[in-house]
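Observations on the model geometry
Each chain is listed here by its residues.
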Amino acid sequence: MKTYKIAVIPGDGIGPEVINQGIKVIDTVSDNNDFKIKWESFDFGAERYLKTGELISEDELKELRKYDSIYLGALGDPRVKPGILEKGILLKLRVYFDQYVNLRPIRLLEGVETPLKNKSSKDIDFIVVRENTEDFYVGIGNRARIGSNKQTLDVLREIYKVKFDIDIEVEDSDIAYQIGLVSKKGSERIAEFAFEYAKKHNKNKVTSIDKANVLDSVYSLWRECITNIAKKYPNINNEFSFVDATAMWFVKAPESFQVVLCPNMFGDILTDLGAIIQGGLGLAPGGNINPNGISMFEPIHGSAPKYAGKNSANPIATIWAGALMLEELGETKASELVVNAIEAVLKKGNTLTNDLGGKATCSEMGDAINEEIG
Ligand code: NAD
Ligand code: IPM
Ligand code: MN
């Protein structure tokens, strides 16, 4: 029997609660579909960091290379300064494994209410392909005080290396800056992925997002690369849209989108908007994908600290992320079964968590989906 080794990072806040439901459901679907999952849990996150000061070491990253995939709850804790755990663990993993695609389906399942007036499941069904390693997420920036400053900043990637030597003369006020970086190779590969995805799924339009009217250095290169790749796909329309207008169109006409190609930061913001039009963060899954390497699956939402330990969070986003993982592993049938079971439970409407207007707990929702599969 085929056995997959999956590294589990439950993480912080509601992470452990929702990930347990995901594991439960995937175990059931694997039993019914002739494969096995061997789960191995890792305690990266706030508790360990507060005790030992450790985030994730090079050795631990290497250890994770032995797994077929990574399944993650969420990271972030109010006791730790914002960014330490998120950058030190989550973004570290995305970059270390060169998971350059962040794939986030925006799909209103049947039985779920959208806050958008007169829109239904057939109107809200598209995919966001978010670039996941570049842009304002490269993590280079600094503060500089009044006077002369010399700073070096490195971006070391598998596909390129960049070193900035910066001389800064500052007058009258201390400053801080953050550098956004877009590469030709990085933009081309994500564009290639988006157009291939469109082709494979019979979509005839890719909408590429940017703010080329203001951030013209980075996003003119972005546009150039996408335009070049698009030429190889004459049957797919290539359309550019500014991020501000796109936010408006997500609400006004979600049916106009098929594949939405985003730079990292705009993709982050737009997918929380996408999540709410598909019924809420409790329902929105994502995958960090390296098409030739180790991918990592997680809900779009974070650790929602105020709900931690209450068994009240909605586990569907995480269970659905598990289904995306099964798809990536090649277990397409099992993946579909999980999504269908989620949809069936939502359609019946008698097991709904708080965020969906019901009273069911996180584990009751997991059980209901499990029974639907069983
Ligand atoms: P969040 O996504 O954790 O929560 C925002 C709100 O969305 C919650 O207060 C809740 O009302 C709702 N929500 C989220 N998930 C839900 C679920 N499963 N069921 C029901 N309701 C849900 O965003 P935040 O409050 O801005 O961030 C909290 C922490 O999470 C921060 O430390 C942040 O950096 C981190 N974060 C981590 C990830 C990740 O690990 N991938 C993603 C986003 C935010
Ligand atoms: C997400 C999160 C992360 C991001 C944070 C926690 C680093 O918001 O996965 O959407 O910005 O990518
Ligand atoms: Mn986000």
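Figured I'd write up the structure that's included with this text.

**Observations regarding the pairing of strand β4 (residues 101–107)**
Burial within β4 is extensive, with 6 of its 7 residues counted as buried. In this structure, β4 lies alongside strand β5 (residues 125–131), joined through 7 bridges in antiparallel fashion. Across the sheet, residue N102 finds its bridge partner in β5, namely R130.

**Some thoughts on the pairing of strand β1 (residues 2–11)**
As paired strands, β1 and strand β2 (residues 35–41) are joined by 7 bridges and run parallel to one another. Each residue of the ladder has a partner; that of Y4, found in β2, is I37. The parallel pair β1 and β2 is bridged by helix α1 (residues 15–32), and the resulting crossover is right-handed.

**Describing the site of ligand 1**
Of all residues adjacent to ligand 1, which total 21 residues, the nearest are L75, E86, E298, G302 and A304. The backbone of A304 places a nitrogen or oxygen atom 2.8 Å from an oxygen atom of ligand 1. The contact in question runs from a nitrogen atom of ligand 1 to an N or O atom on the backbone of N314, over 2.9 Å. Protein contacts shield 69% of the accessible area of ligand 1, which totals 800 Å² for the unbound molecule. At a threshold of 2 Å from the grid points, most atoms of ligand 1 map onto the largest pocket.

**As for the packing of helix α7 (residues 243–252) against helix α8 (residues 264–277)**
It is the contact of α7 with α8, at a shortest axis distance of 10 Å, that shows an interaxial angle of 10°. Comparing their axes, α8 and α7 come out roughly parallel. Contact residues: α7 offers V243, T246, A247, F250 and V251, while α8 offers F266, L270, L273, G274 and I277. For the contact of α7 with α8, the residue count by class is 8 nonpolar, 2 polar and no charged.

**Details of the site of ligand 2**
Around ligand 2, a shell composed of E86, L90, L91, R94, R104, R130, Y137 and D268 is seen. Here an oxygen atom of ligand 2 sits 2.7 Å away from a polar atom, N or O, in the side chain of R94. Between ligand 2 and D268 there is a distance of 2.8 Å, counted from an oxygen atom to a side-chain nitrogen or oxygen. If ligand 2 stood free it would expose 320 Å²; the protein chains cover 79% of that surface. The cavity where ligand 2 resides is the largest pocket.

How each quantity is defined
- Residues numbered from 1 in each chain as written.
- Chains lettered and ligands numbered in written order.
- Predicted model: local features only at pLDDT ≥ 70, side-chain atom pairs only at ≥ 80, totals over all residues.
- Heavy atoms only, no water.
- Buried < 20%, exposed > 50% of the residue type's maximum accessible area, 1.4 Å probe, protein only.
- Helix = DSSP H or I, 4+ residues; strand = E, 2+ residues; numbered from the N terminus.
- Pairing = 2+ DSSP bridges.
- Right-handed = clockwise from strand over helix to strand, strands pointing away.
- Near = heavy atom within 4 Å.
- Polar contact = N/O pair within 3.5 Å; in protein donor to acceptor, adjacent residues only side chain to side chain.
- Areas by Shrake-Rupley, 256 points an atom, 1.4 Å probe, with all protein chains shown as cover.
- 1 Å grid on protein atoms, 1.4 Å probe; cavity = no way out; pocket = protein on both sides within 12 Å on 5 of 7 lines; lining within 4 Å.
- Sits in = over half its atoms within 2 Å of the grid points.
- Axes fitted to C-alpha atoms, helices over the stretch in contact; angles between N-to-C directions.
- Parallel < 35°, antiparallel > 145°, perpendicular 65-115°, else oblique.
- Contact = heavy atoms within 4.5 Å.
- Nonpolar A, V, L, I, M, F, W, Y, C, P; charged D, E, K, R; others polar.

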